[in-house]
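Fold and contact review
So the chains spell out like this:
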There are 2 protein chains.
Amino acid sequence: MLLYYSPGACSLAAHIVLEELELPHELERVHTGYDEHETAAYRAVNPVGLVPTLEVEGRRLTETTAILRYLARRAPERGLYPNAPETAARIDELMSRLSTLAHPAYRMVIRPDRVVKAVEGVPHDGIRAIGQRDFGAIFDHIEASLPSEGFAAGDYSIADPYLFVLWSWSRYAGFDSDRWAKMSRIARDVGRRPATRAALRAEALVDESGRPTPPERV
Amino acid sequence: MLLYYSPGACSLAAHIVLEELELPHELERVHTGYDEHETAAYRAVNPVGLVPTLEVEGRRLTETTAILRYLARRAPERGLYPNAPETAARIDELMSRLSTLAHPAYRMVIRPDRVVKAVEGVPHDGIRAIGQRDFGAIFDHIEASLPSEGFAAGDYSIADPYLFVLWSWSRYAGFDSDRWAKMSRIARDVGRRPATRAALRAEALVDESGRPTPPERV
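Since the structure is predicted, the reported quantities are computational estimates derived from the model, not experimental observations.

Considering the sheet that holds strand 4 (residues 59–62) of chain B
All names here are of chain B. Strand order in the open sheet formed by four strands is 2-1-3-4, with mixed pairing between adjacent strands. Strand pairing shows two members of the sheet lacking a second neighbour, strand 2 (26–29) and strand 4, which therefore form its edges. Each strand axis lies, on average, 20° off the axis of its neighbour in the sheet, ignoring direction. In the sheet, strand 1 (residues 2–5) pairs with strand 3 (residues 53–56) via three bridges, with the strands oriented antiparallel. When the bridges of strand 3 are listed, Leu-2 appears paired with Glu-55.

Examining the interface of chain A and chain B
Across the contact, 48 residues belong to chain A and 48 residues belong to chain B. For the chain A and chain B pair, buried surface summed over both sides reaches about 3900 Å², with 56% attributable to carbon and sulfur atoms. Per-residue buried area on chain A facing chain B is highest for A:Glu63, A:Arg73 and A:Arg133; these three make up 14% of the total on that side. Counting across the interface, chain A meets chain B through six salt bridges. For A:Glu63, the salt bridge goes to B:Arg97, with nearest N and O atoms at 4.0 Å. The tally of links from chain A across to chain B stands at 22 residue pairs in polar contact (both at pLDDT 80 or more). Taken together, the elements giving at least two residues each to the side of chain A that touches chain B come down to strand 4 (59–62), helix 3 (64–74), helix 4 (85–110), helix 5 (112–116) and helix 6 (124–145) of chain A. When residues of the side of chain A that touches chain B are assigned to their parent elements, the largest contribution, 15 residues, is made by helix 4 of chain A.

Let's talk about the packing of aromatic side chains
Residue and element names in this part refer to chain A. Tallying each qualifying case throughout the model produces 16 aromatic pairs over all chains. Between Phe-139 and Trp-180, the aromatic rings sit 4.9 Å apart at their centres with planes inclined by 75°, giving edge-to-face as the arrangement. Of this pair, Phe-139 sits in helix 6 while Trp-180 sits in the loop between helix 7 (159–169) and helix 8 (181–192); the two residues are 41 residues apart in sequence, bridging distant segments of the chain. The pair formed by Phe-139 and Trp-180 is uniform in burial state, with each residue classed as buried. Relative to Trp-180, the ring of Phe-175 has its centre 5.3 Å away and its plane inclined at 55°; by these criteria the two rings are tilted.

Comments concerning the environment of A:Ala9
All names here are of chain A. Mapped onto the secondary structure, Ala-9 falls in the loop between strand 1 (2–5) and helix 1 (11–20). Sequence spacing of Ala-9 and Gly-33 is 24 residues, and the spatial spacing of their C-alpha atoms is 9.8 Å. Setting aside residues no more than four positions away along its own chain, Ala-9 makes contact with Val-51, Val-165 and Trp-169.

Definitions and limits used
Residues numbered from 1 in each chain as written. Chains lettered and ligands numbered in written order. Predicted model: local features only at pLDDT ≥ 70, side-chain atom pairs only at ≥ 80, totals over all residues. Heavy atoms only, no water. Pairing = 2+ DSSP bridges. Helix = DSSP H or I, 4+ residues; strand = E, 2+ residues; numbered from the N terminus. Axes fitted to C-alpha atoms, helices over the stretch in contact; angles between N-to-C directions. Contact = heavy atoms within 4.5 Å. Buried area = accessible area lost by both parts, 1.4 Å probe. Salt bridge = Lys/Arg side-chain N within 4 Å of Asp/Glu carboxyl O. Polar contact = N/O pair within 3.5 Å; in protein donor to acceptor, adjacent residues only side chain to side chain. Phe/Tyr/Trp six-rings, centres within 6.5 Å; stacked < 30°, edge-to-face > 60°. Buried < 20%, exposed > 50% of the residue type's maximum accessible area, 1.4 Å probe, protein only.

This is the structure we're talking about:
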């Protein structure tokens, strides 16, 4: 498998799960901070121009949540995406809130220029304000929905590394990440796992002492 | 099961699947066109304030794509969300593009006032222009990814009624829906199914002659 990723982007969730499941993989860096996802070469890989893309035996799969589920289904015995309707529903609900509400809001905060592009008369600070309000609101709702112990859906699942990545973004969105106590507990537990440490190291997101560092550019 | 829905909203996809699987259900109308999703009563049902919500044995599940998967898992023998990794991945990828890219763009087109809310200095027509550009772009990408025959992932799956609903929105977003030929073919095939007809009738989205009518208000 080949994972196209950008350091610290939501592709990191897929990267963590590849490590977690010990699936042999190679990495191809497509640095969105340097607009490498906008090149013709990458558009040929993923026409929508987003990371991650997972290449498996010549076929390409896009969309973070689709890749997370696919990887979990390749190793069903590891139980990262159980098929039991109630448990799967909690995982699906959380991943949907992260991908459909939190992520679009984050994009507005961090790169309003990309959201607005050539449309005239829309101030970037207004887009940023909308994104910041919506990001905080959905994180408040997610926090309220989380259990007070264990991972997001009980046992460790694909929802947890995804939550970890979006939570790690909250400081760039202008929030004190500790504001969300249950989310912080889960994210820190994810962050301590060897698979997560390995993925962070491979994306150069830890310094020499092993402390997390932000991506060089977003 | 009890489905909270708004006529023609993305809750319609869940409604169609309830009919398709012949799962006994009741309906509770929460008309977003009249801001009924903003009431304290509905916020007590779904704190995020979106439709649909599915109530099952006193537990509540939110987020369209989570509900679609949940319903399919309740009737696995019907095969609306097969567990085979490759097939599921195609369904997941499409549902992610619809929910994370097409739907947020549509919201910008149709209700820029709700997107902007109290943030000052952001013109609604600018938000609408961003949404319209992004909606068209992701629909172009989805169109290119669809097969030239059959449903979106081969056999009929939960991705198809969801595609049907978002495709039916494209005319309100200012597009000629026929612009996307493969998507139109699939949507029309979904629209002809008895389960879809039943859901449209129950949401009062067909006139006396059986022709589709738009929701009274969005």
